[in-house]
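Secondary and tertiary structure notes
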Amino acid sequence: MSKKLSLACLALIVSVATTPVLAQDCNAAGTVGSGGSAAAGGTSASTLGTAGACRTDSGTTSSIGSGGSAATADGKARSQTKINENPNQLKAQSRAQAMDQGTFSKSQTKTRVKGDELQSKTRSMSHVPGQKPLKSTTESNVLLPQQ
């Protein structure tokens, strides 16, 4: 897990470090972020994501970051983060899940920068057998203003 999270952090640092733009140079700027966690029995899972964009006269610069973790006392836990970039958009997705027999906790965050739109959404859920699942959703959307 530490290698995957370290690669995601490295990608964020490189994207920020290689494109220096001063805040006062932005014609329009925005940030989004969401995160969540779930816990049940001896399990827990958390994810988060954040993104920012700055539009200047010479173009738009974006950055994105995401991560997650899961833990359990006696079962299985896993987390995964993926960051994808292409000329049209920047996307990140983190998933975390912990299971101990029938009890589980999971969380997923999807974050995206596409054009002038920034989005981040997190869904988390925990469940103990015989009980109603607990669910939560957080969401953040920003549209950069037109010049």
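Up top is the structure.
Below or above, wherever it landed, is the structure these notes cover. (Residues numbered from 1 in each chain as written. Predicted model: local features only at pLDDT ≥ 70, side-chain atom pairs only at ≥ 80, totals over all residues. Heavy atoms only, no water.)

For the rest of this paragraph, the subject is the sheet that holds strand 5 (residues 89-100). Overall, antiparallel pairing links the five strands, which are arranged 4-5-6-7-8 in an open sheet. With one partner strand each, in any of the chains shown, strand 4 (76-85) and strand 8 (134-143) form the two edges of the open sheet. Along the sheet, successive strands turn relative to each other by an average axial angle of 5°, direction set aside. (Pairing = 2+ DSSP bridges. Helix = DSSP H or I, 4+ residues; strand = E, 2+ residues; numbered from the N terminus. Axes fitted to C-alpha atoms, helices over the stretch in contact; angles between N-to-C directions.)

Turning our eyes to something else, we now look at the state of the cysteines. If you walk through the whole model with that rule in mind, you get one disulfide. Put simply, cysteine 26 and cysteine 54 are joined by a disulfide, and their sulfur atoms are 1.8 Å apart. The chirality of the disulfide connecting cysteine 26 with cysteine 54 is left-handed, given an S-S dihedral of about -115°. With cysteine 26 in the loop between helix 1 (2-17) and strand 1 (28-40) and cysteine 54 in strand 2 (residues 43-56), the pair connects residues that are 28 residues apart, well separated along the chain. Each member of the pair, cysteine 26 together with cysteine 54, is buried. (Disulfide = S-S within 2.5 Å. Buried < 20%, exposed > 50% of the residue type's maximum accessible area, 1.4 Å probe, protein only.)

With ten residues, the main nonpolar core is built from Ala28, Val32, Ala51, Ala53, Ile64, Leu90, Ala92, Val113, Leu118 and Leu144. Contributions of two or more residues to this core are made by strand 1, strand 2 and strand 5. Ignoring sequence-local partners within four residues, the contact set of leucine 90 consists of Ser62, Ser63, Ile64, Asn84, Glu85, Thr111, Arg112 and Val113. (Core = buried A, V, L, I, M, F, W, Y, C linked by side-chain atoms within 4.5 Å. Contact = heavy atoms within 4.5 Å.)

Where like charges cluster on the molecular surface, the positive patch consists of Arg78, Lys82, Lys91, Arg95, Lys106, Lys110, Lys114, Arg123, Lys132 and Lys135. The dominant element in the positive patch, judged by the number of residues it contributes, is strand 6 (residues 103-114), at three residues. Inspection of the secondary structure assignment puts arginine 95 in strand 5. Arginine 95 gets classed as partly exposed once you look at its relative accessible area, which sits at 41%. (Patch = residues over 30% accessible without salt bridge, like charges linked within 9 Å, V, L, I, M, F, W, Y side chains within 5 Å. Areas by Shrake-Rupley, 256 points an atom, 1.4 Å probe, with all protein chains shown as cover. Salt bridge = Lys/Arg side-chain N within 4 Å of Asp/Glu carboxyl O. Lys, Arg positive; Asp, Glu negative; His and termini not counted. Charge placed at Lys NZ, Arg CZ, Asp CG, Glu CD.)

On to the pairing of strand 4, then. One ladder, built from ten bridges, connects strand 4 with strand 5; its direction is antiparallel. Within the sheet, the bridge partner assigned to threonine 81 lies in strand 5 and is serine 94. In sequence, strand 4 turns back onto strand 5 through a hairpin of three residues.

To continue, consider the environment of threonine 109. One can find threonine 109 in strand 6. Note on threonine 109: relative accessible area 0%, which makes it buried. Considered as a pair, threonine 109 and arginine 95 are 14 residues apart in the sequence and their alpha carbons are 6.6 Å apart. In this structure threonine 109 touches Ser34, Thr47, Leu48, Gly49, Ala92, Gln93, Ser94, Ser120, Lys121 and Thr122, once residues within four positions along its chain are discounted. At a separation of 2.6 Å, a polar atom in the side chain of threonine 109 contacts the side chain of threonine 47. At 2.7 Å, the side chain of threonine 109 and the side chain of threonine 122 are in polar contact. (Polar contact = N/O pair within 3.5 Å; in protein donor to acceptor, adjacent residues only side chain to side chain.)

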